[in-house]
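# Structural description and commentary
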Amino acid sequence: MADFAPPPVAAHVVFANFFLKLIEVSEEPCQRQTFLTSAAASAAFASVELGRRQVVSFKSRSPPLLAGGGWSQLDNRPEGMEDLERKKKKEAKAREKELKKLKAAEKAELAKLKVLKPPKRVQKSIKRETGEENPGDYVDPETPFGEKKRLSRQMAKQYNPSAVEKSWYAWWEKSGFFVVDASSPKPPFVIVLPPPNVTGALHIGHALTSAIQDTIIRWKRMSGYNALWVPGMDHAGIATQVVVEKKLMRECRLTRHDIGREKFVSEVWKWKDEYGGTILRQQRRLGASLDWSRECFTMDERRSRAVTEAFVRLFKESLIYRDLRLVNWDCILRTAISDIEVDYVDIKERKLLKVPGYEDPVEFGVLTSFAYPLEEGLGEIIVATTRVETMLGDTAIAIHPDDKRYSHLHGKFAIHPFNGRRLPIIGDAILVDPSFGTGAVKITPAHDPNDFEVGRRHNLEFINIFTDDGKINSNGGSEFVGMPRFKARQAITVALQEKGLYRGSKNNEMRLGLCSRTNDVVEPLIKPQWYVKCSGMAKQALDVAMDAENRKLEIIPKQYTADWKRWLENIRDWCISRQLWWGHRIPAWYVTLEDDELKELGAYNDNWIVAKDESEARTEASKKYAGRKFDLCQDPDVLDTWFSAGLFPLTVLGWPDDTEDLKTFYPTSVLETGHDILFFWVARMVMLGIKLGGDVPFRKVYLHPMIRDAHGRKMSKSLGNVIDPLEVINGISLEGLHKRLEEGNLDPNELTVAKAGQVKDFPNGIVECGADALRFALVSYTAQSDKINLDIQRVVGYRQWCNKLWNAVRFAMSKLGDNFVPPVEVHPETVPFSCKWIISVLNKAILKTMSSLESYEFSDAATAVYSWWQYQFCDVFIEAIKPYFAAEDPTFSSERKSSRGVLWLCLESGLRLLHPFMPFVTEELWQRLPSAKDGDRKESIMMCDYPSPVECWTNERVELEMDLIESRVKSLRSLRSEGLTKRKNERLPAYAYCQSEEIANIIKSHELEIATLAALSSLEVLLSGKDVAPARCAFENVNENLKVYLKVQGELNAEAEREKIKNKMEEIQKRQEKLKKTINASGYEQKVPVHIQEENAVKLAKLIQEFEFFQKESSRLEAVNGCN
C-alpha cells in the first residue's frame, strides 16, 4: 500500500476536499457552482490516475447542477462505490502513513491558488480549519512608478513606514493633485516655499518648514481653496561659488582666477544642473504637496529679467545709489558679506584662535595701549585698541570736549610714529566716554563702524590699509607692506616697543565676528558699493503691521511684532554689492571718457549708467555724453542673494509681466519661516513687495521656533548632534552616524567629541520612524516658544502611535465585514450610548482642530487629533463596542448594525481629520475603507472635504455621563493595579456606592460599558442610606457622589489600604483647615461676595462628608481585620 497515492494523486485529493470545504461555507450560488466544478475535476483526475472509477462523495447545500454546470443528478452514485466503501477500512492505516505527505502537498497547492479569490469570510473559515495562512497576502504587490499603489489583499499585522509610504507620492504627483489652475473659481490660498540653497541638502529646519507648510496647504486644499504651494531654489551666491571653487581646486588644482570669469560661471551652471536641487527631490520624501509645474530658480531667465527690472526701477526712483562705506569683508572669499553671514563669538579674556590662512593661532581678547607723541613738545597721549594693526590707518585722536585733562590739546596734533602723518586732536561727545580708559580714542575711519561716523562728522581722511585678501597695502608703509594683517599685528607691537611707545596690554572682553562660510575673522573695510535706500520703504513696512485700524500684515506669534518695530525704526541702508562671480551681475556700466584723468573703474561716481542691458546703457551714455568718446565696462560685482530672494513672492508669479498667476495669487496668503530671518528676508520682501507689487507680498507671517537638540544645544557638527531628517525617516545605525561624521571635515579632536555625543544620544542608532511620525512630531513641537528641543524618542513614540492607529483600523475593518456598505447618513439619536458619545467627541475634535489651524496653533491642532484617536476612539470606543460583536450575539443585533455605521463614520472622518499631518498612512488606510457602491468616492483622501462640525452630533449630556463612567473605570483599574499582586487580568466583581439616586441610575444604565472597560465579572450598584458598603474590598473615592469597590478577597493588602485612608484623611483635614481659616477670617462676611460664601459653605460640607466616609471605611477595615 506504500504506492497507494503518489504525490500528484494526493494533491488532487487534497484539492477536491479543499473545494468541498469552500462549498460548505459559501453562501453565493455562483461561487458554490465554481467550487463544485473544481472539486469534480480534481476528483476525476485522481480517479484516472489510480486507474479506478472513483468519485468524491460530498454533501452540498446547493441544489444538483443542471447540464452544462458540471455533474448532474449527484444522487445516482456511479458503479464501484460499494467496493470502495468495503475497502475503506483496510486502506485507513495506509492513508495515515500518507497524512504527512498530504499535508505537505496541501500547503504547496494552497499557495498556488491565487486565481481563486473566495470571500474573506471564507478565507478565515479555511484558515481556522487548516491553521495556515498565506504570507504573500500581507505584502503589497510591486507598483509601477507613478501608478496608484497596489495594496495587499490583507492588511499587514504591523505598521511598516517604508512599506506604507512607498509609491503614494509618485501617484499623487503624476495625477496632478498638486497642480493649481489660476482660472479656478475657488478662493485662492498661496504659500511660497522659502527657496532653499541650490547647494543644500535637507536638514531638520527644512523638515520643520515642510511639515508646517504642507499641513496648512493640505488642510486648505481639503477645505475648498485653490491651494497653491510654489517651490523654488535660491542660487546661493557665496555658498555655491565656494563649493565649485573647492571642486575646481580638488580636481584640477586651479582657482577661478586661473580659468577666468566666463569659464568659471559655466562650470557653476554645469554643477547646478548635475548636483543642484537635491533638496527639492528630498522634499518629496517628506510628502510635500508642492506644485512642481511652477518650480523656479532665482537665476533662471525669467527671474533674472525680473531682478534687472527691479534694480533699474529702484535706481530711477533714487532708491538705489552708489557710495563709499564700510562693509563686512571676508578676506578668504574676497567679498562683502551680509550681517546674517556673520557669527559672533564672545571672548572673555586672552584666547588663541585658529584663523584660516595662518599656521599659528592668533591671540584675541587683548587690549593694547600705546602712546602717540604730540607736536610742540606737549608730551604724549595714550590710546588703547584690540586691533593694533589698524593704527596704520589712524587719521585722528578723539577726546571728550568737556574733559579738562585734555583741554590744552584742543586744536593740537599728534604725530604718527611710522609715517609722520599729523593726527588732529578732535572733540567728540558722541563717541568718547571720558571715564573709560584714558579718555582718548584713536580714530580709523576706514576700518571701524564707529570711527567711520566720526570721520564723516569731522571730515577726516579715510585711509584703507588692507588689500582684498587681508594684507597690508602701500598705505600701511613700506615697513609692513605685504604682511598678513595678524602678522602685522605682532610686527607693529614689536616696533612700538622698539620706539618706546608701547604701554602694555591686558585682558579685554570682546565680541569677534566670524564669517559663517569660511570661519575667517570679518574685517570692516571701506569699499564703493551699491546701496538700497531703506528709510521710506521701511516706514511703509512698519505701518502695514502696526496700524491697528488698517493692518495688512499680521505677524504670528505676536511677540515678534516688537522686533519688527525695533528693526525697521533703526534700519540702515542695505549694501547689495557682492564681489563674486556667481550671481546676478549688477546692471550698471561705468563710462570711461577719453579725456578722463583717472581711468580706474569707479574713479568718478557720476560716470555710472544703470540700464537693462549693454545696448540700452550705450544709448543712455551717448545721450549723457553726447559728442564725446567713451568706453563702457559693466560692474564686475553681483547682487546680494537677499535682493533676488526679497523679490521672490513677486517673481515666482511672473512679475514684472502681468500674468494670470500674478493677478490671481498675489498677494500670497502666508509666509512661514524661521524667526531668525525676520529682518534679513521677511522685512525686505515686504518693502520690495509694497514698492514694486503695490501691496504686501503676504497677509500673514508665521515664524516657527528654531530647532535645538534634546539638551537645548544648538545643532553643530562638532557636537555630533546634527539630525538629518532622512536618517530619522529611514533609520540609521550608530556606525552609520559615525561614518557621516568621518566623511565631514572635522579635525581629529572634534571628531572624537562628536562621536562621543552620538554614542550618548543615539547608543543604538535611530530606528526607522517614517515621514509621517517625523512630521507629526515637528508640528507638535511648535508650541515651544522660540526654540524646539528635539528629542528623537518623541518621534519614535509617534511612530509607535502609527502602529496603534494601524491596528485599530485593522481591528475595526474586521468588524465591518466584507459586505458592509456605509450608511448615507448616521442618526445619532438612534445609536447606542457609546456611539452617541464618540460622535459627539469627534465633533469637538473637529471643531478644536479647525479653530487651532485657523489661529496657527499647530501644536494644539495636532494634540486635538491625536487625543481623539488615542484616548477616545482607541482606548474607549473600540473597547466599549466589543461586546456587540462577541460571537455575533443576537441580543446585540441592532447595536451591532448601528456600531458598524458609526465605526465607519469615525474611521473615515478621523482619517480625513488627520490627513494634513500624516498624509501617507491616512491615504493608505482610507483607500482600504469600504465605500458606497454608487457613491461619489474621490480618487484620493487629499481631494476629499476636510471634516466640519455637525451641530446634531454634539451631546453634552452623553459626554458628562461618559466622564463619570471613565472616572469610575479609571478608579477600578487603579484598584486592580495597586491591590492585586497576582491575577491582574482576572475579571473581578465590583460595586458602585452612590450618594444619590441620580448617580445610581446613571451607573445602572451603563453597567455594560463600565464592566467592559474595567474588565469586571459583575457590577452591583449600591445606594447610600439604603445599602451597606461591601466588606473585604479595595475601594477608591471617585468624587463626593461616588465610591467604587473591587472584590479582592484573599489578596487585599490591609496595611496598604489603611495607609491610603490615612493619607486621604490628612489631605482632607488640611483642606478643611485652610477653608475654615478663610471663613473665620476677620471681615469675611462683610468683604466676601455672598455667592462665594455659599460656594465655600458647600465645599466645607462636602469635605466633612468625605472625611466621615473615610472614618467609616477605616473603622470597617479594622473590624474586618479584627475578625480575622
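Details of the structure are given in the entry above.
Attention in this report is confined to the structure presented alongside it. Please read these numbers as outputs of a predicted model, since none were measured by experiment.

### Comments concerning the overall build of the chain
Within the chain one finds 37 helices and 33 strands. Going through the 1124 residues of the chain one by one, you find that 51% of them count as buried. Contacts spanning at least 24 positions in sequence make up 75% of the contacts within the chain whose residues lie at least 6 apart. Summed over all atoms, the accessible surface of the chain reaches about 54,100 Å², with 50% contributed by carbon and sulfur.

### A closer look at the state of the cysteines
Applying the stated criterion across every chain yields a total of zero disulfides. Summary of cysteine pairing: Cys802 is not part of a disulfide, and the nearest cysteine sulfur, belonging to Cys769, is at 9.4 Å.

### Considerations on the sheet that holds strand 11 (residues 380-385)
Reading across from one edge, 11-10-16 is the order of the three strands in this open sheet, with antiparallel pairing throughout. A single partner strand is all that each edge strand has here, and the edge strands are strand 11 and strand 16 (502-507). Sheet twist, expressed as the average angle between the axes of neighbouring strands with direction ignored, equals 20°. Sheet topology note: the strand 10 (residues 366-373)/strand 11 ladder contains six bridges and is antiparallel. Residue pairing in the sheet places Ala371 in a bridge with Ile382 of strand 11.

### Looking at the packing of helix 15 (residues 535-546) against helix 16 (residues 560-569)
Geometry of a packed helix pair, given as the angle between the helix axes and the separation of the axes. The N-to-C vectors of helix 15 and helix 16 enclose an angle of 160°; their axes lie 9 Å apart at closest approach. On the basis of their axis angle, the class for helix 15 and helix 16 is roughly antiparallel. Every pair of crossing elements has a handedness; the one defined by helix 15 and helix 16 is left-handed. Of the residues in helix 16, those in contact with Ala538, Ala541, Leu542, Ala545 and Met546 of helix 15 are Thr561, Trp564, Lys565, Leu568 and Glu569. Grouping the constituent residues of the contact of helix 15 with helix 16 by class yields seven nonpolar, one polar and two charged.

### Points about the packing of aromatic side chains
How two aromatic rings sit relative to each other is given by the distance of their centres and the angle of their planes. The tally for this structure, following the rule as stated, stands at 42 aromatic pairs. For the pair Phe679 and Phe680, a centre-to-centre distance of 5.7 Å together with 70° between the ring planes defines the contact as edge-to-face. In terms of burial, Phe679 and Phe680 fall into one category: buried. Among the aromatic side chains, those forming a connected cluster through ring pairs are Phe311, Phe315, Trp530, Trp574, Tyr590, Trp608 and Phe643. Over the aromatic face of Trp292 sits the side chain of Arg284, whose NZ or CZ is 3.8 Å from the ring centroid.

### Quick look at the sheet that holds strand 30 (residues 988-994)
Across the sheet, which stays open at both edges, the four strands sit in the order 31-30-33-32 with mixed pairing between neighbours. The outermost strands of the open sheet, each flanked by one partner alone, are strand 31 (1016-1023) and strand 32 (1033-1039). Across the sheet, the axes of successive neighbouring strands diverge by a mean angle of 20°, strand direction being ignored. Pairing analysis gives five bridges linking strand 30 to strand 33 (residues 1042-1047), with the strands arranged antiparallel. Paired with Cys994 across the two strands is Leu1042, which belongs to strand 33.

### Topic: the pattern of salt bridges
One pass over the structure, following the stated rule, counts 62 salt bridges. The salt bridge partner of Arg928 is Asp140, with a shortest N-O separation of 4.0 Å. With Arg928 in helix 31 (residues 919-928) and Asp140 in the loop between helix 4 (120-130) and helix 5 (161-164), this pair connects stretches of sequence that are 788 residues apart. By relative accessible area, Arg928 is classed as buried at 14%. For Asp140, a relative accessible area of 24% translates into the label partly exposed. Among the ionic pairs, Glu165 bridges to Arg285, the shortest N-O distance being 2.9 Å. In this pair, Glu165 is assigned in the loop between helix 5 and helix 6 (168-174) and Arg285 in helix 11 (residues 278-286), connecting sequence segments 120 residues apart.

### Examining the environment of Lys442
Turning to its location among the elements, Lys442 is positioned in strand 15 (residues 440-443). Separated by 51 residues in sequence, Lys442 and Met391 have C-alpha atoms that sit 7.6 Å apart. The residues contacting Lys442, other than those within four sequence positions of it, are Phe370, Val383, Ala384, Thr385, Thr390, Met391, Asp394, Ala396 and Asp451. At 3.0 Å, the side chain of Lys442 forms a polar contact with the side chain of Thr390. Here Asp394 takes part through its side chain, which lies 2.9 Å from a polar atom of the side chain of Lys442.

### Let's talk about the nonpolar core
With 159 residues, the main nonpolar core has Ile838, Trp869, Phe873, Phe917 and Ile1003 as its most contacted residues. For this core, the element with the highest residue contribution is helix 28 (residues 858-880), accounting for 13 residues. Apart from the residues within four sequence positions on either side, Phe873 is in contact with Ala808, Ile838, Trp868, Ile878, Leu903, Cys906 and Leu907. In terms of nonpolar packing, the next biggest core, distinct from the first, is built from 68 residues, Ile571, Ile586, Phe648 and Phe698 among them.

### Digging into the side chain of Glu961
Checked against the element boundaries, Glu961 lands in helix 32 (residues 956-979). Looking at Glu961, the relative accessible area reads 13%, which means it is buried. Excluding residues that lie within four positions of it along the chain, Glu961 makes contacts with Phe833, Ile1002 and His1006.

### Considerations on helix 12 (residues 301-316)
Because each turn of an α-helix spans 3.6 residues, side chains separated by three or four positions in sequence point in the same direction. Over its 16 residues, helix 12 runs 23 Å from end to end, which matches the ideal 22 Å to within 8%, given 1.5 Å per residue. Buried within helix 12 are the following residues: Arg303, Ala306, Val307, Thr308, Glu309, Ala310, Phe311, Val312 and Leu314. One or two residues past the end of helix 12 sits Ser318, with phi positive at roughly 60°.

### Points about the side chain of Glu1009
With respect to the element layout, Glu1009 can be found in helix 34 (residues 1007-1013). Buried charge without a partner: Glu1009 forms no salt bridge, and the closest opposite charge is Lys836, 9.5 Å away. Dropping the residues within four chain positions of it, Glu1009 is found in contact with Phe833, Ser834 and Tyr884.

### A few points about helix 15
The end-to-end C-alpha distance of helix 15, which contains twelve residues, comes to 16 Å, matching closely the 16 Å that a straight helix rising 1.5 Å per residue would cover. Looking at helix 15, one finds that the buried residues are Met537, Ala538, Ala541, Leu542, Val544 and Ala545. Angularly, the buried residues of helix 15 cover 165° about the axis, an arc narrow enough to put them on a single face.

### Digging into the environment of Leu647
Relative to the elements of secondary structure, Leu647 occurs in the loop between helix 18 (641-646) and helix 19 (648-651). When its relative accessible area of 0% is taken as the criterion, Leu647 is described as buried. Each C-alpha atom, one on Leu647 and one on Leu688, is 6.6 Å from the other, the two residues being 41 residues apart in sequence. Excluding its chain neighbours within four sequence positions, the residues that come into contact with Leu647 are Ala306, Val307, Ala310, Leu688 and Leu692.

### Let's talk about the environment of Ala645
Tracing the backbone shows Ala645 in helix 18. Given a relative accessible area of 4%, Ala645 falls into the buried group. Sequence separation between Ala645 and Met233 is 412 residues; the distance between their C-alpha atoms is 9.6 Å. Contact partners of Ala645, with chain neighbours within four places excluded, come to Asp234, Trp681 and Met685.

### Digging into the packing of helix 26 (residues 792-816) against helix 30 (residues 893-914)
It is the contact of helix 26 with helix 30, at a shortest axis distance of 10 Å, that shows an interaxial angle of 150°. Taken together, the axes of helix 26 and helix 30 lie roughly antiparallel to each other. Crossing hand, helix 26 versus helix 30: left-handed. Contacts from Trp801, Leu805, Val809, Ala812, Lys815 and Leu816 of helix 26 reach helix 30 at Arg900, Leu903, Trp904, Leu907 and Leu914. A breakdown of the residues in the contact of helix 26 with helix 30 according to their chemical character gives nine nonpolar, no polar and two charged.

### Some remarks on unusual backbone geometry
Excluding glycine, residues mostly carry a negative phi; peptide bonds, for their part, are mostly trans. Residues Trp655 and Pro656 are joined by a peptide bond in cis, for which omega reads 15°. Looking at the element boundaries, Pro656 is found in the loop between helix 19 and helix 20 (660-665). The omega angle of the peptide bond from Tyr666 to Pro667 is 0°, so this bond is cis rather than trans. Within the secondary structure layout, Pro667 lies in the loop between helix 20 and strand 26 (668-674).

Scoring rules and cut-offs
- Note on numbering: residues in each chain are counted from 1, in written sequence order.
- This being a predicted model, a pLDDT of at least 70 is required before a residue's local features are given, and a value of 80 or more before pairs of side-chain atoms are given or counted; all residues contribute to the totals for chains, interfaces and linings.
- The side-chain figures draw on all heavy atoms in the structure; neither hydrogens nor water molecules are used.
- Comment: elements are numbered from the N terminus, with helices defined as DSSP H or I runs of at least four residues and strands as E runs of at least two.
- To sort residues, take the accessible area from a 1.4 Å probe on protein chains only and compare it with the maximum for the residue type: under 20% means buried, over 50% means exposed, and anything in between is partly exposed.
- The contact criterion used is simple: two residues touch if any of their non-hydrogen atoms lie within 4.5 Å.
- Using the Shrake-Rupley algorithm and a 1.4 Å probe, accessible areas are obtained, with residue cover drawn only from the displayed protein chains.
- Here, a disulfide means two cysteine sulfur atoms that sit within 2.5 Å of each other.
- By the convention used here, strands pair only if DSSP detects at least 2 bridges between them.
- Axis geometry follows a simple rule: fit a line to the C-alpha atoms, using only the stretch in contact for helices, then measure angles between N-to-C directions, giving values from 0 to 180 degrees.
- Here the word oblique covers every angle except those under 35 degrees (roughly parallel), over 145 (roughly antiparallel) and from 65 to 115 (roughly perpendicular).
- Should the near helix be turned anticlockwise from the far one by less than a right angle, the crossing is termed left-handed; should it be turned clockwise, right-handed.
- We call Asp, Glu, Lys and Arg charged. Ala, Val, Leu, Ile, Met, Phe, Trp, Tyr, Cys and Pro are nonpolar, and the rest, Gly among them, are polar.
- Pairing of aromatic side chains requires ring centres within 6.5 Å, counting the rings of Phe and Tyr and the six-membered ring of Trp. Pairs whose planes differ by under 30 degrees are stacked, by over 60 edge-to-face, and all others tilted.
- Criterion for a charge above a ring: Arg CZ or Lys NZ at most 6 Å from the ring centre, at most 35 degrees from the ring normal.
- For this analysis, a salt bridge means a side-chain nitrogen from Lys or Arg found within 4 Å of a carboxyl oxygen belonging to Asp or Glu.
- N or O atoms closer than or at 3.5 Å make up a polar contact, with two conditions inside protein: a donor-capable atom paired with an acceptor-capable one, and, for residues adjacent in sequence, both atoms drawn from side chains.
- Only buried Ala, Val, Leu, Ile, Met, Phe, Trp, Tyr and Cys residues count toward a nonpolar core, and they belong to the same one when joined by side-chain atoms within 4.5 Å.
- One less than the residue count of a helix, multiplied by 1.5 Å, gives the span that helix is expected to have.
- Just so you know, the count uses Lys and Arg for positive and Asp and Glu for negative, and it drops His and the chain ends.
- Each direction from the helix axis to a C-beta atom contributes to the arc, which is the arc of those directions.

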